[in-house]
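Spelled out, the chains give:
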Amino acid sequence: MSQDAPSLDELLLTVRQFVDEIAPQLAGRDRYHALCASFLVEIARREIAGGGDDSEERAMLGHYLGPTEPGANGLAALAQAIRGGRLDDRFDELLKDLTDHVVRQVRVTRPDVLDAMHREGGSQG
Amino acid sequence: MSQKEQKSSSAAALGATITEGLRAAVVRRFGTEAGIDNVVFTTVGGSNLTVLFDLIDGAARRRLVFRQETIVPENSPFLDPSRQFRVLQLLHPEGLPVPEPIFEFDADDSLARAYVVAFVDGESLPRRLLDAPNFAPARQRFCAQAGEFLGRLHALDPAPAEFLADFPDSIDPIAATMGRIDRWGVSLPALELAVRWLERNRPSNAPRRLLHGDFRTGNMLMDEQGIRAVLDYECAHLGAPMEDLGWLCLRSFRFGHVDKPVGGFGPREPFYAAYAAASGKAVDPEEVRWWEIFGFIRWAHHNVMQMYGHVTGARRSTAFAACGRNIALIEYELLMTLQGHYT
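The notes below deal with the structure included here. All of these numbers come straight from a predicted model, not from anything done at the bench.

## Some words on the overall build of chain A
Phase 1 of the analysis: Summing up its helical and strand segments, chain A has five helices and zero strands in all.
Phase 2 of the analysis: Across chain A, helices and strands are ordered from the amino to the carboxyl terminus as α-α-α-α-α.
Phase 3 of the analysis: Relative to the 2.2 N^0.38 estimate, which gives 14 Å for 125 residues, the radius of gyration of chain A is 19 Å and therefore markedly larger than a compact globule would have.
Phase 4 of the analysis: Based on the C-alpha atoms only, the size of chain A along its principal axes is roughly 55 × 40 × 30 Å.
Phase 5 of the analysis: Counting the 125 residues in chain A, one finds 32% classified as buried.
Phase 6 of the analysis: Considering only residue pairs separated by 6 or more positions, chain A has 44% of its internal contacts joining residues 24 or more positions apart.
Phase 7 of the analysis: By element, 53% of the accessible surface of chain A is carried by carbon and sulfur atoms, the whole surface being about 7800 Å².
Phase 8 of the analysis: Each charge class in chain A can be summarised by its mean position, and for the 14 positive and 22 negative side chains these summaries are 4 Å apart.

## Some remarks on the pattern of salt bridges
Phase 1 of the analysis: Under the definition given, this model contains 38 salt bridges over all chains.
Phase 2 of the analysis: B:Arg28 is paired through a salt bridge with B:Asp108; the nearest N and O atoms lie 3.9 Å apart. Of the two residues, B:Arg28 sits in helix 1 (residues 3-30) while B:Asp108 sits in the loop between strand 4 (101-104) and strand 5 (114-118), which places them 80 residues apart along the sequence.
Phase 3 of the analysis: Sharing partners across several salt bridges, the network here consists of A:Asp9, A:Arg16, A:Asp20, A:Glu42, A:Arg45 and A:Arg46.

## Quick notes on helix 2 (residues 28-50) of chain A
Phase 1 of the analysis: The end-to-end C-alpha separation of helix 2 of chain A is 34 Å, in line with the 33 Å expected for 23 residues at 1.5 Å each.
Phase 2 of the analysis: Within the span of helix 2 of chain A, buried status applies to A:His33, A:Ala34, A:Cys36, A:Ala37, A:Ser38, A:Val41, A:Glu42, A:Ile43 and A:Arg45.
Phase 3 of the analysis: Close packing links the buried residues of helix 2 of chain A with helix 1 (8-22) and helix 5 (91-109) of chain A together with helix 11 (318-338) of chain B.
Phase 4 of the analysis: In the segment just after helix 2 of chain A, A:Gly51 is the residue with positive phi, at about 75°.

## Things to note about the interface of chain B and chain A
Phase 1 of the analysis: Counting residues at the interface gives 27 residues for chain B, matched by 34 residues for chain A.
Phase 2 of the analysis: Both faces combined, the contact of chain B with chain A buries some 2700 Å², and carbon together with sulfur accounts for 68% of it.
Phase 3 of the analysis: It is B:Leu193, B:Arg325 and B:Tyr332 in chain B that bury the most area against chain A; as a group they hold 23% of the surface buried on that side.
Phase 4 of the analysis: Summed over the shared surface of chain B and chain A, the number is five salt bridges.
Phase 5 of the analysis: Across the pair A:Glu47 and B:Arg325 runs a salt bridge whose closest N-O atoms are separated by 2.8 Å.
Phase 6 of the analysis: Along the contact surface separating chain B from chain A lie nine residue pairs in polar contact (both at pLDDT 80 or more).
Phase 7 of the analysis: Those elements that provide at least two residues to the side of chain B that touches chain A are helix 6 (173-183), helix 7 (189-200) and helix 11 of chain B.
Phase 8 of the analysis: The element best represented in the side of chain B that touches chain A is helix 11 of chain B, accounting for 12 residues.
Phase 9 of the analysis: In terms of residue class, the side of chain B that touches chain A is made up of 16 nonpolar, five polar and six charged.

Procedures and definitions
- The residue numbers shown here count from 1 along each chain, following its written sequence.
- Chain letters start at A and ligand numbers start at 1, both assigned in the order the entries are written.
- Thresholds applied to this predicted model are a pLDDT of at least 70 for local features of residues and 80 or more for the giving and counting of side-chain atom pairs; totals over whole chains, interfaces and linings are not thresholded and use all residues.
- Hydrogens and waters are ignored; side-chain quantities use all the structure's heavy atoms.
- Under the DSSP-based scheme used, a helix requires at least four consecutive residues in state H or I and a strand at least two consecutive residues in state E, with every element numbered from the N terminus.
- The size measure is the radius of gyration over C-alpha atoms, and the globule rule it meets is 2.2 Å times the number of residues to the 0.38 power.
- Whether a residue is buried, partly exposed or exposed follows from its accessible area with a 1.4 Å probe, protein chains only, as a fraction of its type maximum: under 20%, in between, or over 50%, in that order.
- In this analysis, two residues are considered to be in contact whenever any of their non-hydrogen atoms come within 4.5 Å of each other.
- The Shrake-Rupley method, run with a 1.4 Å probe, gives the accessible areas here. Residue values count only the displayed protein chains as cover.
- For the purpose of counting charges, residues Lys and Arg are taken to be positive, whereas Asp and Glu are taken to be negative. His and the chain ends are not included.
- Throughout, a charge is located at the NZ atom of Lys, the CZ atom of Arg, the CG atom of Asp or the CD atom of Glu.
- We define a salt bridge as a contact between a side-chain nitrogen of Lys or Arg and a carboxyl oxygen of Asp or Glu at a distance within 4 Å.
- What a helix should span is 1.5 Å times the count of its residues minus one.
- Computed with a 1.4 Å rolling probe, the buried area is the accessible surface lost when two parts are put together, summed over both parts.
- Pairs of N or O atoms are called polar contacts if they sit within 3.5 Å, as long as, within protein, a hydrogen donor faces a hydrogen acceptor (for residues adjacent in sequence, only side-chain-to-side-chain pairs).
- Side-chain classes follow a simple rule in which Ala, Val, Leu, Ile, Met, Phe, Trp, Tyr, Cys and Pro form the nonpolar group, Asp, Glu, Lys and Arg form the charged group, and the remainder, Gly included, forms the polar group.

In structure tokens, the structure reads:
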């Protein structure tokens, strides 16, 4: 269903701009929480812009766990497999793949903290 | 009454209850002529209430700090206030820069889970300490002072701190940390991979010493000359000395100064040298690195705790919500450190 303007992203941007506008007028705890609120809205905007594509995550989980039931918590299953030592001989491969997984998360949460090798357009580490 | 008015009215009632409880506790200990004045409620600390006040005892007036644990998180990783107070009672007579413990609340007081220490003036905000021009001399001294503090702490006989022996982090810090993450119902493959690495690369048995447990930028008061008091004993436990060194050097606690591994203040060499001089024990940099890998797991665990408090509704706030998303940032630093990209 289509909606009238503003778009979803514009709505979130409006909220963030308002919070940014009032934050300097606040003090102490309220100011800190306003800055956090602005940060959270920006995460939401990036997450929505990403479109919720989890194909890379599903491919990674399938690579280590094989086919899984729809709705299964694949990350929990992967965590259990690692803890049980069943993937010890694939440590280096996992280190790289889990780095890529976390990089995808950080691109949504705080892309500015990524190392140059993981910025958009950079080579994968 | 509006919601805002109700909130401020209940805050005022709480303030009056605390002030009265504090006054009664002071009279119990210092006599009916004693009193309190200049009471200031601060907002520092997520699950602790901190109140500054003057103790008036005859002609003498002394600034003190009341600290009360107000929220005990489910599955808490923190020491109870009574044992925190006992740690301070061990450290202060040794001449270490810690707040002087004054008294602990007991069953005959109206307030519980609380103690009083001497006020120490100083700055604790990392950004100011690391960036403000007036703290430049303190920054110069920090690495040596931090090394000396930990060296002296770890040189103490651990026997009087045996009351910490049954704290889970004294028994096995990895099991304690991962056990809490499990109980919060969170699965993080990157942390599991790091645990496998830790298990395969575990250092040989280290001597067991009293550790601060949370010695990092933000948990100490400083002036322009350097460290005035080391605070926050909620995580004190017995363990391998290098754990405290690794925690201070954790990349997550460098506040933008990633090229200065010792808390964002400076290089490792003067820190390790001062530690060795004060403790009589050389630092093994590889063992410190092992504890830094563990430190990321532990810091992720703190953020899981805050996220859990938020999503379960126990302690909702924008900051605790952000902690949930902060976990991925910590995992990223952990994996980059494991691969040797970050040092």
